[in-house]
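# Understanding the architecture of this molecule
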Amino acid sequence: MPSPGDSGAREQWPLWEVFVRSSRGLSHVHAGSLHAPDETMAVRNARDLYTRRNEGVSVWVVRASDITASDPDAKGAFFESPQGKDFRHAIYYTKSEGVAHL
Amino acid sequence: MVTTTHATATATATAPAAAATMADGDLSEDDRVGLARFLELIESDSRVEPTDWMPAAYRKTLVRQISQHGHSEIIGMQPEGNWITRAPSLKRKAILMAKVQDEAGHGLYLYSAAQTLGTDRDTMFEQLITGAAKYSSIFNYLTPTWADMGSIGWLVDGAAICNQVPLCRASYGPYARAMVRICKEESFHQRQGFEILLSLMNGTDAQAKMAQESVNRWYAPALMMFGPPDDESPNSKQSMEWNIKRFSNDELRQRFVDMLVPQAEILGITLPDPDLSFDEETGHWRFGELDWSEFYDVLKGNGQANSVRVAKRRAAHENGAWVREAARAYADKQAAAAATAAEAATLAQNEMVAA
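A brief report on the enclosed structure follows. Treat the numbers as computed from the prediction; the structure is a model and nothing was measured. (Residues numbered from 1 in each chain as written. Chains lettered and ligands numbered in written order. Predicted model: local features only at pLDDT ≥ 70, side-chain atom pairs only at ≥ 80, totals over all residues. Heavy atoms only, no water.)

A surface patch of like charges, here negative, comprises B:D230, B:D231, B:E232 and B:E251. Residue position: B:D231 is located in the loop between α9 (205–224) and α10 (234–241). (Patch = residues over 30% accessible without salt bridge, like charges linked within 9 Å, V, L, I, M, F, W, Y side chains within 5 Å. Areas by Shrake-Rupley, 256 points an atom, 1.4 Å probe, with all protein chains shown as cover. Salt bridge = Lys/Arg side-chain N within 4 Å of Asp/Glu carboxyl O. Lys, Arg positive; Asp, Glu negative; His and termini not counted. Charge placed at Lys NZ, Arg CZ, Asp CG, Glu CD. Helix = DSSP H or I, 4+ residues; strand = E, 2+ residues; numbered from the N terminus.)

This is the structure we're talking about:
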């Protein structure tokens, strides 16, 4: 299941998704996408396109066609399980209010 | 930019085609549900993402607007590229190169955003060089003097920023995200243009004259970048209802003029409009009629540089074809070699196990 925008073999160069780590200690975050013939060029293009102003210390590139994503039409069924399960959140438990360090 | 969540192969392969061929009048049950959800998103000022259902006209409007915007960035490299080799100092040259590189980047962000709507970049490139797609008319003006680099930064990029800041809240997620990145980078463009003009205004009489003459040429075309007056801009209303556009052409133009007047004073430059006057009642600067016949004429292809710009873009595209093909062929060859090596390794391992 490719990401939106992937045009398969129609285009001359495949589409890549770019993830940038802005500094040590933080995760790589999706920054955008680009076209490149292979992974080496994709990393170089990602550096030129998404880190011109010290935005990152590391980049990941992933072929858009290699991404597996959830089905948008199954949104409700797929993501509804936390509904009605407020007990997964700390604010559900009110008896301990006023007790220190809880 | 592409969102990687909520993606499916079917959505990318069939949804754009289905939405494009179907009139909004005869909706299936799925489309009815999709439309209701879409209207709910717009109503609540939320964002529409690539694989969401959207009306065919919304998709079409976005592809047209985003690709035109991307084309403008790509063509926009030319008027300034014209001065890179002749910039007056090494520092100015480095700045101009960084700015032109940013514009290439902005074009690519925008093409990626448009691509999430089902039109791939190679197709958009083709539409640009065949003249099927438009770009901002402002780039069909020539840049005969160095001062034009100042005017482009101050006036053209200034107008672009004014137009683009509200687009950071456009209802289509990938477009809005691309705009956030672009706006951050554009702010340096406008300031460097202002500094070029300020340096010239503080220079010799000839330099000040060059700056003034350049602003005389760029002022009205920059004001026309916001598009025709509201009563002659039929698509604006729909774009505003869809939260793509947040302010009308005339509102943005007024906002821009209000910002320019005090900046022009600091520069010591006269804005070339004898009707410019402060309206105490509204708190806005009133400005004279713009010559819209010029705007439509340039749009039709009769600007100073329409044919030059497209021809240059076409030459760049065609002369780069062998590079794109070679890179692709090299990548395929490397991939094939890696596959053969992996196969040989597996074979060797299996033989070892068998032995």
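This part is about the interface of chain A and chain B. Chain A puts 33 residues into the contact, and the matching count from chain B is 35 residues. Together chain A and chain B conceal approximately 3000 Å² of surface at their shared face, both sides included; 53% is due to carbon and sulfur atoms. Together, A:P4, A:Q12 and A:R52 form the three largest contributors to the area buried by chain A at its contact with chain B, with a combined 22%. Here chain A is connected to chain B by four salt bridges. Here B:D102 ties to A:R52 by a salt bridge, and the two come within 2.8 Å at their closest N and O atoms. Taken together, the connections running from chain A to chain B amount to 12 residue pairs in polar contact (both at pLDDT 80 or more). Breaking the side of chain A that touches chain B down by element, the ones donating at least two residues are β1 (15–21), β2 (28–35), α1 (39–50) and α2 (75–79) of chain A. Broken down by element, the residue count for the side of chain A that touches chain B peaks at five residues, all from β2(A). When the residues that make up the side of chain A that touches chain B are grouped by side-chain class, the tally is 14 nonpolar, nine polar and 10 charged. (Contact = heavy atoms within 4.5 Å. Buried area = accessible area lost by both parts, 1.4 Å probe. Polar contact = N/O pair within 3.5 Å; in protein donor to acceptor, adjacent residues only side chain to side chain. Nonpolar A, V, L, I, M, F, W, Y, C, P; charged D, E, K, R; others polar.)

Once that is clear, we can look at the pattern of salt bridges. According to the stated counting rule, one finds 20 salt bridges over all chains in the structure shown. In this structure, the salt-bridge partner of B:E185 is A:R53, at a minimum N-O distance of 3.5 Å. Note that B:E185 is positioned in helix α8 (residues 173–201) and A:R53 in the loop between α1 and β3 (58–63), a pairing that runs across two chains. On the accessibility criterion, B:E185 (4% relative accessible area) is buried. For A:R53, a relative accessible area of 35% puts it in the partly exposed group. Close ionic contact of B:K99 with B:E80 constitutes a salt bridge, the shortest N to O distance being 2.4 Å. A residue pair is termed long-range when its members are at least 10 positions apart, and B:K99 in helix α5 (residues 90–115) and B:E80 in helix α4 (residues 77–84) qualify at 19 residues. On the accessibility criterion, B:K99 (0% relative accessible area) is buried. (Buried < 20%, exposed > 50% of the residue type's maximum accessible area, 1.4 Å probe, protein only.)

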